[in-house]
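The lines below spell out each chain.
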Amino acid sequence: MAILEMRHVSKYFGKVAANVDVNLSVDEGEVHALLGENGAGKSTLMNILYGLYGPTSGHVYLNGEKLNVRTPKDAINKGIGMVHQHFMLIPALTVIENMVLGMESNHAVLDLKKSAAEFAAMAENYDMPIDPWAKVSSLSVGQQQRAEILKALYRKANLLILDEPTAVLTPQEATVLFTAIRRLTQEKFTIILISHKMDEIMEVCDRCTVLRQGKVVATIPVSEITDTGQLAELMVGRQIKLTMDKKPSKPGKSILSLQNISYKDKDMVPKLKHVSFQIQAGEIVGICGIDGNGQSELVRCITGLLHPDEGKVLFKEEDITRVHTSEILRKGISHIPEDRHGMGMLMNMSVNENLILMSFRNPPYSRRNILNWKWIRSHNKKLVETYNVKTPDIDERAGNLSGGNQQKFVVGRELDRKPDLLVAMHPGRGLDIGATKFIQQRLLDERDRGAAVLLVSTELDEIMELSDRIVVMNSGNVAGILNQAEATREQLGLMMAGGK
Amino acid sequence: MEDFLISVFKMAVPLLLCSLGTLFSEKAGTINIGLEGSMLTGALFGALGSYWTGSPYVGAVIAMCSSMILTLLFAFFAVTICASQIVMGVAINTIATGLTISLNRIFLTSNGVVRVNGFKNIAIPFFSEIPVIGKVLFNQTLPAYLAYILVFVTWFVYSKTDLGLKIRAAGEHPTACDTVGINVIRLRYGTLLYSGIMAGLAGAYISTGQLSAFSEGMISGRGFTAYAAVIFGNFTPFGVFRSCMIFAVGMGLQYRLQAMDTPISYYFWMMLPYLITIVALCIYRNRSNAPKYSGIPYAKN
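Residues numbered from 1 in each chain as written. Chains lettered and ligands numbered in written order. Predicted model: local features only at pLDDT ≥ 70, side-chain atom pairs only at ≥ 80, totals over all residues. Heavy atoms only, no water.

A. Broad picture of the interface of chain A and chain B. Between chain A and chain B, the contact holds 22 residues from the first and 18 residues from the second. Buried surface at the junction of chain A and chain B, summed over both partners, amounts to about 1,800 Å²; 67% is from carbon and sulfur atoms. The largest share of the area that chain A buries against chain B comes from A:Met88, A:Ile90 and A:Leu101, three residues that together contribute 28% of it. For the pair chain A and chain B, the interface holds one salt bridge. The closest approach of N and O atoms between B:Arg168 and A:Glu97, which form a salt bridge, is 3.1 Å. Across the contact surface, chain A and chain B share six residue pairs in polar contact (both at pLDDT 80 or more). (Contact = heavy atoms within 4.5 Å. Buried area = accessible area lost by both parts, 1.4 Å probe. Salt bridge = Lys/Arg side-chain N within 4 Å of Asp/Glu carboxyl O. Polar contact = N/O pair within 3.5 Å; in protein donor to acceptor, adjacent residues only side chain to side chain.)

Structure, rendered in C-alpha cells:
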C-alpha cells in the first residue's frame, strides 16, 4: 500500500527547473531509494516533502490524504522525519537536549531526566543505544547520525528521509547504519534513502526511483536490477564506463621515501608510529584504513603542515622533513586535501582567483609582484574547459559551484603544475559517479605520465581499483604493504581492523 | 570595610541588570553593543519620568519602555534587515548620546532641575539587623533586590526551561532550530527586547538610584562593561554574576582610592575598572560556551 504519493510535483527556482512533473509512490515498510547525480533534484524533492520549500505545482498525499506542509513543523506533526546530510544537531548541547528541542509537547520547565529515560528505552528498543547525556560534539560522526535518526523517531516519525547518509561514514559505520535501517523496516517504518551510490542501493533498498535533470526516469524494484551499469546509465543518461583503462604500471626511480616517521599530537597521543614506505615514479600507492588511523597526520607530514617528531621525509633524495610548505609545494608536490572547503579552496573568491593560489608568485602568472591577469584569465579558461568544470564563467564565486565542480577545479589546479608527486586524500568524497570517475581517470593519467601518486581513501573499492601497491594503516602503524594483484577485500578489511 | 562592600553591591546592580538581560540575546546569537546607548536612554528617561511624576518607579517604567523602543530599532535592522550588528550597535550609541543631551537640555537643565526623586532603600525586617551582611545585602533599593534575585531566576530559565533551551540553541545552529520548528527570528526579537528593557532599568538605577540626577554621558562605559561581563562570564548566569562582582570591586576600589588622596594621579584610579575589564578579557580566553553563530544574521532561504 502506498503510504506516500507525490503527484505531478514541479519546482522552479526563478526560471531554473529543479523538479519537473515528478510522480513518486512509496509503499509502507519499504526502503525506497532516490537515485540521481548531484543536481538531479533529489534534495529539492525531499525538501518539498519536508516543508522547507513549497512546490510550484503538484500535490503530495500521505496515507491517501492530501498533505499541506508549509514548515518542517507541519511535516514533523504528520510523522515525516528527515536526516539531513549536514546534521541538524546542536554540538554544544547534550543528546537529550537535542532530542527535546522545539517539541510542542514540552512543558515550560523541562524534566530532562524523565525524557532521557524514555529516550534511552526507545533507542534500546530499536537496537541503537546512545548515551543521552553525552555532548553531541563528543560523538563520532556515526553516532551523530544515529542521534539524528533517533531524533526523528522520538518525534514519532514513521516516514524517514535519509539524505546521502553514507557520504560521511566509514564503510564500517555504513554497515551499522544498514543494520539499523533493516531493523526499522521490520517495525513498519518507511524509509526514503537519497543516494548516488549504487552499491548501497543494491544492498539495502527495495525499490529505486531514478531522477535525472529534475525528472523521474524510472522506478524499478531492486530485485530486477541485474547490474549496476544499468542503474548508472539511467542516472547519467548515457553509457558510463565503470571500469577504467588501467595499463600496467612502469615504476621508475624512488620519488618519496618515508623513513621511520613518528608523530604525537599536542595531547601526547601517538598518531604515527614508525611509518616507513616509499613511492616510485609511475605508480599509485593507496593508503587504506578507517578514518582517523593516522592518514591525515601522514599527509600533513609529507606536505609540511606538520613536522614529525622522529624520522625523515625524503623527496627525490632530498630531506624535506622540516621544510616550509610553500617550499615543498614549489619542489613539485601537489596536494588534493581532505577538507575541500577548509583547505582546498577559498569559498568567497572566484574560480579564477582560486585557480592561481599555488602559482601566482611565479612567472608567467606574475612578474615583479604584478599579476598578469590577461594571461591568467586565458590560461584559466582553458583549464576550466580541460577539467570539465561547469561554471557560468571563471569569475563565479567558487562557493556557488557544486561539490563535484569544486573538486574538479582543485584537481585541475594541482595537476596543471605537473607534479612529480601527487598526494590525493579522499578525492571522490561526496561526489557523484560521473565526477568521481573523471577524477579517478586523471589520477591514472598522472601515473602514466610518470608521476608518483599517493592516494588516501576510506573507500576500499577506490583503493583496489586504482592502486598498484596498497599500504594498510591501523592506529598509526603500517599494518602491511601489499601488491594490488595479491590483495583481497577480506584481507584488507582484517588488516584495517588490526588483525593479521 | 562595610562601606566598601555596600558600595560594591550598589555598583554591581546596573551591571547585573544589564548583563543578565544581554546574556539571553547573546546566547540567541545577536551581538548588541548598543547597550551603552540603551542604558544612557534609560538613565535619562528614568530621571525625566521621576521629575514629571515624582515617582522613581514610574520613571523606571518609562525608562524601560524608552530603551525597549530603541532596541526595537536595533532588532529591526539587525534581525529583519540583516544589517551588520556592530554598525547598528554603534549607530544606537550615537543616537542615544545625541538624544539624551538634547532632551536633557530641553527638559531638565533649562528648567534648572538638579535633583529628582530617587529610589528609597527598603530595609528588610530582621535580616537588615544582621551585622555587616544586613547593611550590605538587606538594606537596598527595589531594583537592587531585583538584580540579585534575577541571578537565580536567570539561571533557572537558562538551564531548566524549554525557553532557555531554545535560546541556547538559536545562537548555536539556527538552521537546525528551523528544522525542528523553532522560530529563530521571534526568539532573537524577544531576547533583544528583554535585554533592552533590562538595560533601561539599569540606566534608570544609575540616574535615580545612585545619584538622583542625570548628567550627560553618565553611563561612562558601563554598558560596554556589562557586555564584557557576559563574555568574561563565559555566557553562563553564575559566570556573569561573578564577573559583574569583580568589575564592581574595581569600581568600588576606584572611588576609595580617589578619596584616599594617594600620590598617584586621580585619573589613574578612574582608569582602574576599565583596566580590570581589559585584563580580565585578555587573561580569560575560555569562550567554550560562546554561541557559534554569534552576530551572524539568520536569513531563511
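Here the narrative resumes.
B. Spatial organisation of the packing of aromatic side chains. Under the defined criterion, the tally for this structure stands at 16 aromatic pairs over all chains. Ring centres of B:Phe126 and B:Phe127 lie 5.7 Å apart, and the angle between their planes is 70 degrees; on these two criteria the pair is classed as edge-to-face. With a relative accessible area of 62%, B:Phe126 lands in the exposed category. Seen from their ring centres, B:Phe268 and B:Trp269 are 5.4 Å apart, and the 75 degrees between their planes marks the pair as edge-to-face. Classification of B:Phe268 as partly exposed rests on a relative accessible area of 34%. Members of the aromatic cluster, each reached through a chain of ring pairs, are B:Phe9, B:Tyr148 and B:Phe241. It is A:Arg7 that lies over the ring of A:Tyr61; its NZ or CZ is 4.1 Å from the centre. Between A:Lys408 and the ring centre of A:Phe438, over which it is positioned, the NZ or CZ distance is 5.5 Å. (Phe/Tyr/Trp six-rings, centres within 6.5 Å; stacked < 30°, edge-to-face > 60°. Buried < 20%, exposed > 50% of the residue type's maximum accessible area, 1.4 Å probe, protein only. Lys NZ or Arg CZ within 6 Å of the ring centre and 35° of its normal.)

C. The pattern of salt bridges, seen in detail. All names here are of chain A. Applying the stated rule across the entire model yields 29 salt bridges over all chains. Note that Lys42 is salt-bridged to Glu164, the shortest N-O span being 3.3 Å. Here the residue Lys42 occupies a position in helix α1 (residues 42–49), and Glu164 occupies one in the loop between β7 (159–163) and α6 (171–186), the gap between them amounting to 122 residues. The pair Lys42 / Glu164 is uniform in exposure class, with both members buried. A salt bridge links Lys246 to Asp468; its shortest N-O distance comes to 3.9 Å. (Helix = DSSP H or I, 4+ residues; strand = E, 2+ residues; numbered from the N terminus.)

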